[in-house]
Amino acid sequence: MADDKDVLRDVWFGRIPSCFTLNQDEVTEREAEPYYLLLPRVSYLTLVTDKVKKHFHKAMRAEDVEEMWFEYEGTPLKWHNPIGVLFDLHASSSVLPWSITVHFKNFPDRDLLHCPSSSVIEAHFMSGIKEADALKHKSHVVNDMQKKDHKQLWMGLQNDKFDQFWAINRKLMEYSSEDGGFRYIPFRIYQTTSDRPFIQKLFRPTSPEGSAHTLGDLLKEMCPTALPPDGEPKRYQVVIHGIEPLLETPLQWLSEHLSHPDNFLHICVIPVPSD
Amino acid sequence: MSCALDERDFRRCCRLLLRRSKQLRDGWSWEPVQGSEEGYLRKTAVRSVFLDPEGSGSDSEPRASGPSGPGQQEEEEEAADTDRRVIEDEDEDEDEGVCGVSAGSSQVLQYEYHILHSCSYAAPVLYFRAFTQGGSVRISAKKRQEAPKILPADEGRSLSLEAMWSSVHPNYRLRLQSSPLNTISLQEHPLLGQPFFMLHPCRTEEVMRPVLQAAHEQHRPVNYVLSWLSAVGPVVGLDVPLKYSTLLSPAASPGSSSDTD
């Protein structure tokens, strides 16, 4: 369907206007101006911020510079989560541009994974793809691919090439008609009010009777507090790629169209903003 | 026959392992996730490890004295001067040397091992992290400026990825490093949200198949988690004493519960 393909493009090309400011405590040799950047929702912070690094390095001495890391209002930002997820989870109710603080020392290694090179990001990304396919197809599709296909998925993401990426990714979105959908839906639900980093469990796209499971069905099973109690106003928003899909949306459709490039549906449950 | 391990069978295997661990005083405990049946196995151990960043391995059998169990301290050699990093790196952004030691030194580390269940791979997964013993390693000047954090009393600096690799026996190291998805990497712990090293589970089913097949043919019960642990544990310094294998009660065999697909 033409409409559905548009959704894929809209998801891929989603951007968040951001402003990077150097942490005040960093030792600088000259004034460091803030750096503005449009961040791709579907990518990862450490993959798209080389320019930010170069910009601030110019204002600092080499010996004062260690691994770069990012923080928003005191919360270290986990680079291994997609950028759009970080924004929706931590900053969606704030005014744009998203104001991120850049650090070059005191790396919080109790909170953040180190990211010394892009091969670490690639390994993490491919690991997500493999895990998603383990859930969807018992790994058959991803294991039947050649190494160059895996590489193409990564290159597509790294170089922001929608067609290159989807030429391979469409295979990961296929299923046989008798199945009616994937084996299990790859998803993660994030909630800042929880100690757990995310909720991820087995969940089928259809019920044993054959009816399609919806987003609401998923939440009822995995995160019932996200749903408004009968008759009461809702306290939480359920956000995917910055929008609130209707709870009646079939989960299989969401998985095929609103997944991130790692093939996971990343779902943020955030408190309704109090104006 | 299925080599998949579902969550219920995982918990059953863990209960049996725990029972035996208590008898053997091997230190495993079950950590439940608040308000659910979910949880993981946990064990801490002190290891004296020879960090060999060169990886030549010729005469460097890791002088690991083996996990000495919780609460037991070991006589250790003093760590060498720790102001230098293990690996000098050209990339100025790297700060892998969180645990700074000079090449080829002996180090006492506090290891923490977790065994979780992966629903995606229907297999157990091993997570671990290691800290230097608080006070036995001098903290370099840079780190002293770090903002004060509330750390548990006995924890020191966390083990860097480089240092972790250099503590893995060279025989295992080569195979693990050459196969990116069959390897050890730094990951976010799915229940605690903190960085842990993880042994990737995607090949577990492959590894377990011959074991399960043989046991099935010989009508022997098998504890999936225990068998798996005895295979992967030694790679990261976790030994499983032979005494575990004389389980008195019938163990869980995967495939006996339903895997309807």
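Residues numbered from 1 in each chain as written. Chains lettered and ligands numbered in written order. Predicted model: local features only at pLDDT ≥ 70, side-chain atom pairs only at ≥ 80, totals over all residues. Heavy atoms only, no water.

## As for the overall build of chain B
- Scanning chain B from N- to C-terminus turns up six helices and seven strands.
- For chain B, the succession of helices and strands along the chain, N to C, is α-β-β-β-β-α-β-α-α-β-β-α-α.
- Expressed as a percentage of contacts within chain B between residues at least 6 apart in sequence, the contacts between residues at least 24 apart total 65%.
- If you sum the accessible surface of chain B, you get close to 12,800 Å²; carbon and sulfur atoms cover 49% of it. (Helix = DSSP H or I, 4+ residues; strand = E, 2+ residues; numbered from the N terminus. Contact = heavy atoms within 4.5 Å. Areas by Shrake-Rupley, 256 points an atom, 1.4 Å probe, with all protein chains shown as cover.)

## Things to note about the confidence of the model for chain B
All names here are of chain B.
- With 60% of its residues at a pLDDT of 70 or more, chain B has an overall mean of 69.
- Across chain B, the element-wise mean pLDDT spans from 32 in helix α2 (residues 141-144) up to 96 in strand β1 (residues 29-32).
- Across residues 135-155 the pLDDT falls below 50, and counting only partners more than four positions away or on other chains, this stretch makes 33 contacts in the model.
- A low-confidence stretch, residues 256-261 (pLDDT under 50), is modelled with 12 contacts involving residues beyond four sequence positions or located in other chains.
- ipTM for the predicted complex: 0.92, alongside a pTM of 0.82. (pLDDT = per-residue confidence, 0-100.)

## Considerations on the nonpolar core
- Within the largest apolar cluster, 68 residues are counted, with the highest numbers of intra-cluster contacts made by F20(A), L45(A), F70(A), W98(A), V102(A), F125(A) and I189(A).
- Sort the elements by how many residues they give to this core and helix α8 (residues 162-172) of chain A lands first, with five residues.
- Ignoring anything within four residues of it in the chain, the contact list for F70(A) reads F20(A), L45(A), T49(A), V52(A), T75(A), P76(A), L77(A), I100(A), T101(A) and V102(A).
- Judged by nonpolar contacts, the second largest core, of 43 residues, contains A134(A), A163(B), F197(B) and L229(B). (Core = buried A, V, L, I, M, F, W, Y, C linked by side-chain atoms within 4.5 Å. Buried < 20%, exposed > 50% of the residue type's maximum accessible area, 1.4 Å probe, protein only.)

## Describing the sheet that holds strand β6 (residues 187-191) of chain A
Residues and elements named next belong to chain A.
- With respect to topology, three strands assemble into an open sheet ordered β6-β8-β7, the strand pairing being mixed. Edge positions in the sheet fall to β6 and β7 (236-239), since each of these pairs with one other strand and no more. Neighbour-to-neighbour, the strand axes of the sheet open up by a mean angle of 20 degrees, direction not taken into account.
- Two strands pair when backbone bridges link them, and β6 and strand β8 (residues 265-271) are joined in this way by five bridges, in the parallel orientation. The residue bridging Q191 from the neighbouring strand is V269, located in β8.
- Taken strand by strand, helix α4 (residues 83-90) contacts β6, β7 and β8, and its axis lies near 15 degrees from that of β8. (Pairing = 2+ DSSP bridges. Axes fitted to C-alpha atoms, helices over the stretch in contact; angles between N-to-C directions.)

## Thoughts on the sheet that holds strand β3 (residues 69-72) of chain A
Residue and element names in this part refer to chain A.
- The mixed open sheet is built from five strands, whose spatial order is β2-β1-β5-β3-β4. Looking at which strands have only one partner, the edges of the open sheet turn out to be β2 (35-40) and β4 (75-76).
- Contacts from helix α3 (residues 50-57) reach β1 (15-22), β2, β3 and β5 (98-103) within the one sheet, and its direction differs from that of β2 by about 165 degrees.

## Section: the UniProt feature "domain: Autophagy protein ATG5 alpha-helical bundle region" (unreviewed entry) in chain A
- The feature "domain: Autophagy protein ATG5 alpha-helical bundle region" (unreviewed entry), as given by UniProt, occupies residues 120-174 of chain A in the numbering adopted here.
- In the segment residues 120-174 of chain A, helix accounts for 84% and strand for 0%; the C-alpha atoms at its two ends are 28 Å apart. (UniProt positions renumbered as here; feature names shortened; annotations may be inferred.)

## Quick look at the environment of V108(B)
- Here V108(B) lies in strand β3 (residues 105-118).
- For the pair V108(B) and R47(B), spaced 61 residues apart in sequence, the C-alpha separation works out to 5.8 Å.

## Considering unusual backbone geometry
- For the peptide bond that leads from L96(A) to P97(A), omega is 0 degrees, which places it in the cis range.
- Mapped onto the fold, P97(A) is located in the loop between α4 and β5.
- Its identity is not glycine, yet H241(A) carries a phi of approximately 50 degrees, on the positive side.
- Inspection of the secondary structure assignment puts H241(A) in the loop between β7 and α10 (251-257).
- You will see that H219(B), though not glycine, has its phi angle at about 55 degrees, which is positive.
- Looking at the element boundaries, H219(B) is found in the loop between α5 (204-217) and α6 (224-232).
- In this structure H219(B) comes out as exposed when scored by relative accessible area, which is 74%.

## Focus: the packing of α5(B) against α6(B)
All names here are of chain B.
- Direction vectors running N to C along α5 and α6 enclose 110 degrees, while the axes themselves pass 11 Å from each other. Comparing the axis directions of α5 and α6 gives the class roughly perpendicular. When you trace α5 past α6, the crossing you get is right-handed. For the pair formed by α5 and α6, the contact residues are T204, E205, M208, V211 and L212 on the first element and Y224, S227 and W228 on the second. (Parallel < 35°, antiparallel > 145°, perpendicular 65-115°, else oblique. Left-handed = near helix turned anticlockwise from the far one by under 90°.)

## Some details on the packing of aromatic side chains
- This model, assessed by the stated rule, comprises 17 aromatic pairs over all chains.
- Both rings, one in F20(A) and one in F70(A), keep their centres 5.5 Å apart while their planes meet at 65 degrees; by these two values the pair is edge-to-face. In this pair, F20(A) is assigned in strand β1 and F70(A) in strand β3, connecting sequence segments 50 residues apart. Assigned by exposure class, F20(A) and F70(A) land together as buried.
- A ring pair is formed by Y111(B) and Y113(B), whose centres lie 5.6 Å apart and whose planes are at 15 degrees; its orientation type is stacked. Neither residue differs from the other here; Y111(B) and Y113(B) are each classed as buried.
- Among the aromatic side chains, those forming a connected cluster through ring pairs are W12(A), F13(A), F162(A), F165(A) and W166(A). (Phe/Tyr/Trp six-rings, centres within 6.5 Å; stacked < 30°, edge-to-face > 60°.)

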